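# Notes for the structure review
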Amino acid sequence: TGSPEPFYEWFKDGEAVKATWNRYAPKKKILRIKPVHLEDGGAFTCVGVNGFGKVNSSMSLIVLKKGEPEGDLMEPVLTEVWPEGILQRRRGEGLVLICRARGLPTPTITWYKDDLLLNREGEQLTFSSMVPTDTGRYTCRANSALGATSANFTLQVGEPNEDHELEISEAVNTTVVEGGTTSLQCTVRTSHLPSVQWLKEIGAEEAGKEGVGAQAPNSTRQLGGRWFRRVKGAGGVVARGEGHYLSKLTISHAFPSDAGVYVCLAVNTLGFSFKEAHLTVLHRGAGKQYPPVGQKERSVNWLFLIIPAVVVVIVVAAVVMCQLRKTTPDKPVGVTPPTPVLKGDDASALTPLNPESHAHALPRPPDLVYQEVSGSYP
């Protein structure tokens, strides 16, 4: 209402309704559409204008498909998404992606690859013979006048001769000082992207308690007759190229209770594999072993071992020499021992056995002879 009486203008989704539009008949405050089609749904705006200003009012038109029951309106909801997870396929194989939704009005499903709109509509996206270029992230989006919802599929297509069984080529053990941060890691070799979980070994009694308690489903599992608990928040892989993937488990502020046996478990469409990695947590103040002893420190330690050993050897050698000196008489080198003196007055006793050998000998001091004399002393 207004004075003077306003003029009326109609807009659909921001575009002015023209008299040339078929099935649209604007007449002042009334806009007639006959017959109504699905594409007529949208946002309509009525604008009143006179010389003093303008006002507007907006409304939404929702057009139901033929045969749709009338009732309470409902936003789109996905009812089926299949198959789920990461999809690994070989070149030449077929695949059907299914995405179903419900709502009122009935949502329209469109498909995207890597966020680019595909010329496909409907609940199914079909591949008759896949090629490696089909690899990518696919999205199904359910749209209606009341909103939209979506789901994603990850597809990887490989050459048949590239396929090989999944295996864990390496799992690295590690040691950390209490309170420190470290990581366990494993390398997975496979032709298809794997899903990796980290598990920690627990006792059978603890596993039984967790099975009854409020733990999340599948938090414990048995491998090779041993029980393991899934480490929450661990997993994820990083592609390293040439079919190798790296997964890390980071442990911050390590406690002694964190020590133990961990398992890297990898799964994909080709099978599964697991390998152990051990974590050792050292108590603070456990000695000079940590941080690890360097090369220089090791050489000093060898000197401390060698020097006492040399001293011991020298002392033992000195003791042996002293013992030998005590048990062996001294014998001057190059001196002929004195000739023994025979008793009696035998003249031969004063004559050398070999006169020629003593021809140049030094003069010999006189021998003192004691003789007993009988008779009276005057």
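Everything numeric here is computed off the predicted structure, so don't read it as measured data. (Residues numbered from 1 in each chain as written. Predicted model: local features only at pLDDT ≥ 70, side-chain atom pairs only at ≥ 80, totals over all residues. Heavy atoms only, no water.)

## Examining the overall build of the protein chain
Across its full length, the protein chain carries two helices and 24 strands. Classification of the 378 residues of the protein chain by burial places 25% in the buried group. In the protein chain, of all internal contacts separated by at least 6 residues, the share reaching a separation of at least 24 is 60%. Total accessible area computed for the protein chain in this model is approximately 27,200 Å², and 56% of it derives from carbon and sulfur atoms. (Helix = DSSP H or I, 4+ residues; strand = E, 2+ residues; numbered from the N terminus. Buried < 20%, exposed > 50% of the residue type's maximum accessible area, 1.4 Å probe, protein only. Contact = heavy atoms within 4.5 Å. Areas by Shrake-Rupley, 256 points an atom, 1.4 Å probe, with all protein chains shown as cover.)

## Remarks on the confidence of the model for the protein chain
Per-residue confidence for the protein chain gives a mean pLDDT of 79; residues scoring 70 or more make up 77%. Strand β10 (residues 108-113) holds the highest mean pLDDT among the elements of the protein chain, 95, whereas helix α1 (residues 204-212) holds the lowest, 68. Between residues 287-300, whose pLDDT stays under 50, and residues either more than four places distant or in other chains, the model counts six contacts. Between residues 341-355, whose pLDDT stays under 50, and residues either more than four places distant or in other chains, the model counts four contacts. (pLDDT = per-residue confidence, 0-100.)

## A word on the state of the cysteines
A complete count under the given rule lists two disulfides for this structure. A sulfur-sulfur separation of 2.0 Å characterises the disulfide bridge that pairs Cys99 with Cys140. Because the torsion about its S-S bond is 60°, the bridge between Cys99 and Cys140 counts as right-handed. In this pair, Cys99 sits in strand β9 (residues 95-104) while Cys140 sits in strand β13 (residues 136-144), placing the two residues 41 residues apart along the sequence. The pair Cys99 / Cys140 is uniform in exposure class, with both members buried. Disulfide partner of Cys186: Cys264, at an S-S distance of 2.0 Å. With Cys186 in strand β17 (residues 182-189) and Cys264 in strand β23 (residues 260-268), this pair connects stretches of sequence that are 78 residues apart. Each member of the pair, Cys186 as well as Cys264, carries the same accessibility label: buried. (Disulfide = S-S within 2.5 Å.)

## Some thoughts on the pattern of salt bridges
On inspection of all chains with the given rule, the structure shows 11 salt bridges. For the salt bridge of Lys28 with Glu5, the shortest nitrogen-to-oxygen distance reads 3.8 Å. Pair noted here: Lys28 is in the loop between β3 (24-27) and β4 (30-33) and Glu5 is in the segment before β1 (7-12), with a separation of 23 residues, a long-range link. For Lys28, a relative accessible area of 55% puts it in the exposed group. Salt-bridge contacts for Arg23 lead to Asp40; the nearest nitrogen and oxygen are separated by 2.7 Å. With Arg23 in the loop between β2 (15-16) and β3 and Asp40 in the loop between β4 and β5 (42-50), the pair connects residues that are 17 residues apart, well separated along the chain. Look at Asp40 and you get buried, because its relative accessible area is 2%. (Salt bridge = Lys/Arg side-chain N within 4 Å of Asp/Glu carboxyl O.)

## Section: the nonpolar core
Core analysis: the largest hydrophobic core is formed by 20 residues, its most contacted members being Leu184, Cys186, Val188, Trp198, Leu249, Tyr262 and Leu279. Of all the secondary-structure elements, those providing two or more residues to this core are β15 (167-172), β17, β18 (195-202), β22 (244-251), β23 and β24 (271-282). Counting residues in hydrophobic clusters, the runner-up holds 17 residues, among them Leu87, Leu95, Cys99 and Ile109. (Core = buried A, V, L, I, M, F, W, Y, C linked by side-chain atoms within 4.5 Å.)

## A short note on the sheet that holds strand β6 (residues 53-61)
The sheet built from four strands is open, its strands ordered β2-β1-β5-β6 with antiparallel pairing. Edge positions in the sheet fall to β2 and β6, since each has one partner strand and no second. Summarising the sheet, β1 and β5 pair through six bridges and their orientation is antiparallel. Note on β5: the bridge partner recorded for Trp10 is Cys46. (Pairing = 2+ DSSP bridges.)

## Here's the deal with the sheet that holds β10
Across the sheet, which stays open at both edges, the five strands sit in the order β8-β14-β13-β10-β11 with mixed pairing between neighbours. The open sheet is flanked by β8 (86-90) and β11 (116-121), the only strands paired with a single partner. Put simply, the sheet's adjacent strands are angled 30° from each other on average, direction ignored. Where β8 meets strand β14 (residues 147-158), five bridges bridge the pair, whose relative direction is parallel. Its bridge partner lying in β14, Arg89 is registered against Val157. (Axes fitted to C-alpha atoms, helices over the stretch in contact; angles between N-to-C directions.)

## Let's talk about the side chain of Glu68
When you line up the elements, Glu68 lands in the loop between β6 and β7 (74-82). Despite being buried, Glu68 has no salt bridge partner; Lys65 is the closest side chain of opposite charge, sitting 5.9 Å away. A polar side-chain atom of Glu68 sits 2.5 Å from the main-chain amide nitrogen of Lys65. Not counting chain neighbours up to four residues away, the residues in contact with Glu68 comprise Leu104, Pro105 and Thr106. (Lys, Arg positive; Asp, Glu negative; His and termini not counted. Polar contact = N/O pair within 3.5 Å; in protein donor to acceptor, adjacent residues only side chain to side chain.)

## Observations regarding the pairing of strand β12 (residues 124-127)
Going residue by residue along β12, you find Leu125 and Phe127 tucked away on one face and Gln124 and Thr126 left uncovered on the opposite face. By the bridge criterion, four bridges tie β9 to β12 in an arrangement that is antiparallel. The residue bridging Val96 from the neighbouring strand is Thr126, located in β12.

## Notes on a nonpolar patch on the surface
On the surface, Val312, Val316, Val320, Met321 and Leu324 cluster together to form a nonpolar patch covering roughly 450 Å² of accessible area. Residue placement: Val312 occurs in helix α2 (residues 295-327). (Patch = residues over 30% accessible without salt bridge, like charges linked within 9 Å, V, L, I, M, F, W, Y side chains within 5 Å.)

## A closer look at unusual backbone geometry
With an omega dihedral of 0°, the bond running from Ser3 to Pro4 counts as a cis peptide bond. Mapping Pro4 onto the fold places it in the segment before β1. Looking along the chain, the bond that leaves Trp82 and enters Pro83 is cis, with omega of -10°. For Pro83, the location among the structural elements is in the loop between β7 and β8. Despite not being glycine, Lys28 has its phi angle at roughly 50°, a positive value. You will see that Asp115, though not glycine, has its phi angle at about 70°, which is positive. If you trace the backbone, Asp115 turns up in the loop between β10 and β11.

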